[in-house]
Amino acid sequence: MKRSAFYLLLVLASALPAMSAQAEPTPPAAPLLGDALRPLLEGEFALQEGDSIAAAQAYVSAAQLSDDPAVAERAARVALLADERLLLAEALKRWRKLAPESLPGRQFELLALIREQRFDDAAEGLAELMDEGEDARRLGVQALAGSGRDALPTLQLLVEYPDLPNDFALWVALGGLAQQWGSAELSTRILQIAAERFPQDRRVGLWRAEVLLRQDQKDEAAQALDAVIGLGLKEIPDRLRAASLLDGLGQTQRAAELLGEGVQSDATFAGRAAYLARIGESGALEALYSLIKADAITAIDPALGAAAVVFDAGISDDRRFLLGQIAEVLERDEDALGWYSAVNDPTRILSAQLRIAVLHEQAGRQDEAVAVLREAQASDTEDGESLRNAFLLEGELLNRRGQLEPSIDALNRGLQIFEGDRALLYARALTYERIDRVPEAIIDLQVLVTEDPDDADALNALGYTMADRTEDHEEALGYIQRALELAPEQPAILDSMGWVLYKLGRLEESLDYLQRAFAAQEDAEIAAHIAEVLLALGRDAEAREIWQKGAALDATNRAIQRLRERLGA
């Protein structure tokens, strides 16, 4: 059911008087809809037809005929969507009359002021709104963010209001907008004001380091961060943020050491593990695993008896999941299975099942892996992303085994639940190509590109598939050129450009792109493509040499295998 139609049902339901089996119904003193029902329906139908202007006109008419502020609010939202300023003004006037204290109503008035470039009035209204509590401040920030960079003049005026609340989170949000909109000058000014308002707060120093790092002023960022760390960071959120900045500066070892200081939590343990794994400090990671595991052992309830094992420990499921992750990195797969299997938290259990499936697959227990994923897919969960991933993972595992039709089936079952999901469609398209169902692969990829013309991966996959498996090489070139504009240094796209140019007979240009791709990422398929071009150029010895490099990387690659006989290898 469409969202707009669902909204309409809710509105209609709210207009029905309550019925009683024992007494005659009492007519409502002030019907919510009455004469407004017809324009309300017209507005909904216009929305479903994509005619936002007609919808706004109908909704504003409904708002004038109804005493329900929700209808006026809906009219304002639709008028804003249609960018109809006069209709928006009418809707807002009605909304203010029906619900003069409505914070969302005032938020919409501020949005209208920014659109009309009445920046002084908008700044004044925002300052008043933000003085009315946390919810009001959140709505004010949303009004600015929703207006985009057009709100920059308003933000410049707003931050100079002396009566703005001393709410650190508010100032960080305002500074983030300035940074997002590319105004380094305003970002620096907001940081200066925050330092004056919060002179003893270490978070200001962390914020300064973060801003400098975003501006690629790494030396200055390191100095600012060192100054804050030198003052001492006792609070866990401050240590986590400082560690993240150290990691961003390339000081990952120091980040792990900083998190090892002071009181520990699931978050600090997780951060330390991630940093140590990233820099390959297996010895330190072993020591951390032993430390956290020792905590778990001490948490075992004596009432469980001598048969209790460490996985029975009374620790959080976040801690269990972390121990499973560390055990995986340390290749203690049976330990990892034990930790993941002990997870019971509904928000974690599906993610744990996905890891269990991967571990079964790695151990050669393919049937058990699929069984775990099928169990996850049948679960009644609100974790939509992990549920989607259960179908994706099943498709990937079956794909790896060469069971391509069952892989398609798994992805199709996922798409029945997550209709139009981009990740599932993309995976299905690649699998279709592998089983020579090229037209279906192209249809899926065209859907993705139509929905998001700036998806470089989808553009590249579509262009490469058309270049490699059809004769539509000129059309393929257009898709790949667009992908290259979006991601000019991505090796896969450079390879695609080289390959389509080869198909078009532009061999020297092709070779340049392919060699750039291979220099960025030594990949078997790219090596095979270079060999193909060199053969076409009559440079057989060089072709055989690069082919051998590709075969050493992945002898099972289809492109490598296709060239084997031609090269006599």
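Residues numbered from 1 in each chain as written. Predicted model: local features only at pLDDT ≥ 70, side-chain atom pairs only at ≥ 80, totals over all residues. Heavy atoms only, no water.

A few words now on the pattern of salt bridges. Within the structure shown, the criterion is met by 44 salt bridges. Notably, a salt bridge pairs Asp167 with Arg137, separated by 2.9 Å at the nearest N-O pair. Here Arg137 lies in helix H8 (residues 134–147) and Asp167 lies in the loop between helix H9 (152–158) and helix H10 (168–180), a separation of 30 residues in the sequence. Arg348 is the partner of Asp318 in a salt bridge, and the nearest nitrogen-oxygen pair spans 2.9 Å. Of the two residues, Asp318 is situated in helix H18 (residues 317–329) and Arg348 in the loop between helix H19 (333–341) and helix H20 (349–362); the sequence distance between them amounts to 30 residues. On the basis of relative accessibility, which here comes to 36%, the residue Asp318 falls in the partly exposed class. For Arg348, a relative accessible area of 25% translates into the label partly exposed. Taken together, the salt bridges that share partners define one network made up of Arg374, Glu394, Asp409 and Arg413. (Salt bridge = Lys/Arg side-chain N within 4 Å of Asp/Glu carboxyl O. Helix = DSSP H or I, 4+ residues; strand = E, 2+ residues; numbered from the N terminus. Buried < 20%, exposed > 50% of the residue type's maximum accessible area, 1.4 Å probe, protein only.)

Counting residues in hydrophobic clusters, the biggest one holds 113 residues, and the most contacted among them are Leu225, Ile326 and Ile530. Among the elements that take part in this core, helix H30 (residues 524–536) stands out by supplying nine residues, more than any other. Dropping the residues within four chain positions of it, Ile326 is found in contact with Ala273, Leu285, Tyr289 and Ile292. Core analysis: the second largest hydrophobic core is formed by 34 residues, Ala122, Leu129, Ala151 and Ala194 among them. (Core = buried A, V, L, I, M, F, W, Y, C linked by side-chain atoms within 4.5 Å. Contact = heavy atoms within 4.5 Å.)

In this section: the packing of aromatic side chains. Applying the stated rule across the entire model yields six aromatic pairs. With centroids separated by 4.8 Å and ring planes inclined at 85°, the aromatic side chains of Phe311 and Trp339 adopt a geometry described as edge-to-face. With Phe311 in the loop between helix H17 (282–298) and H18 and Trp339 in helix H19, this pair connects stretches of sequence that are 28 residues apart. Judged by its relative accessible area of 22%, Phe311 is partly exposed. Against the face of Phe168 rests Arg203, its NZ or CZ located 4.0 Å from the ring centre. The ring of Phe321 is capped by Arg348, whose NZ or CZ atom sits 4.5 Å from the centre of that ring. (Phe/Tyr/Trp six-rings, centres within 6.5 Å; stacked < 30°, edge-to-face > 60°. Lys NZ or Arg CZ within 6 Å of the ring centre and 35° of its normal.)

Assignment of secondary structure puts Asp68 in the loop between helix H3 (52–65) and helix H4 (69–82). Although buried, Asp68 forms no salt bridge, and the nearest oppositely charged side chain, Arg94, lies 9.9 Å from it. (Lys, Arg positive; Asp, Glu negative; His and termini not counted.)

Moving on: a negative patch on the surface. Together, Asp120, Glu124, Glu128, Asp131 and Asp163 line one region of the surface with negative charge. As for its position among the elements, Glu128 is in helix H7 (residues 119–129). (Patch = residues over 30% accessible without salt bridge, like charges linked within 9 Å, V, L, I, M, F, W, Y side chains within 5 Å. Areas by Shrake-Rupley, 256 points an atom, 1.4 Å probe, with all protein chains shown as cover. Charge placed at Lys NZ, Arg CZ, Asp CG, Glu CD.)

On to the side chain of Gln107. Within the secondary structure, Gln107 is located in helix H6 (residues 103–115). Of note is the side chain of Gln107, whose polar atom sits 3.0 Å from the backbone oxygen of Leu139. Within the structure, Gln107 has its side chain in polar contact with the side chain of Gln142 (distance 3.4 Å). The contacts of Gln107, once residues within four sequence positions are left out, are Leu139, Gln142 and Ala143. (Polar contact = N/O pair within 3.5 Å; in protein donor to acceptor, adjacent residues only side chain to side chain.)

Next up on the list: the confidence of the model for the protein chain. The predicted model of the protein chain averages 88 in pLDDT, with 92% of residues at 70 or higher. Across the protein chain, the secondary-structure element scoring lowest on mean pLDDT is helix H1 (residues 3–15), at 34, and the one scoring highest is helix H28 (residues 491–503), at 97. Scored below 50 in pLDDT, residues 1–31 makes 25 contacts in the model with residues more than four places away or belonging to other chains. (pLDDT = per-residue confidence, 0-100.)

Before going further, it helps to spend a moment on unusual backbone geometry. Positive phi values are uncommon outside glycine, yet Asp216 reaches one of about 65°. Note that Asp216 resides in the loop between helix H12 (202–214) and helix H13 (218–231). With a phi close to 60°, Glu331 is a non-glycine residue in the positive phi region. On the accessibility criterion, Glu331 (69% relative accessible area) is exposed.

Between H12 and H13, whose axes approach to 8 Å, the crossing angle comes to 165°. By the angle between their axes, H12 is roughly antiparallel relative to H13. Every pair of crossing elements has a handedness; the one defined by H12 and H13 is left-handed. Of the residues in H13, those in contact with Arg202, Gly205, Leu206, Arg208, Ala209, Leu212 and Leu213 of H12 are Lys218, Glu220, Ala221, Ala224, Leu225, Val228 and Leu231. Here the residues of the contact of H12 with H13 sort into nine nonpolar, one polar and four charged. (Axes fitted to C-alpha atoms, helices over the stretch in contact; angles between N-to-C directions. Parallel < 35°, antiparallel > 145°, perpendicular 65-115°, else oblique. Left-handed = near helix turned anticlockwise from the far one by under 90°. Nonpolar A, V, L, I, M, F, W, Y, C, P; charged D, E, K, R; others polar.)

Further remarks concern the packing of H3 against helix H5 (residues 85–98). Axis separation between H3 and H5 bottoms out at 10 Å; the angle between their running directions is 25°. When the interaxial angle is binned, H3 and H5 end up roughly parallel. Helix-helix and strand crossings are classified by hand; for H3 and H5 the assignment is left-handed. Along its contact with H3, which presents Ile53, Ala56, Gln57, Val60, Ala63 and Gln64, the element H5 presents Leu87, Glu90, Ala91 and Arg94. Within the contact of H3 with H5, the residues separate by chemical class into six nonpolar, two polar and two charged.

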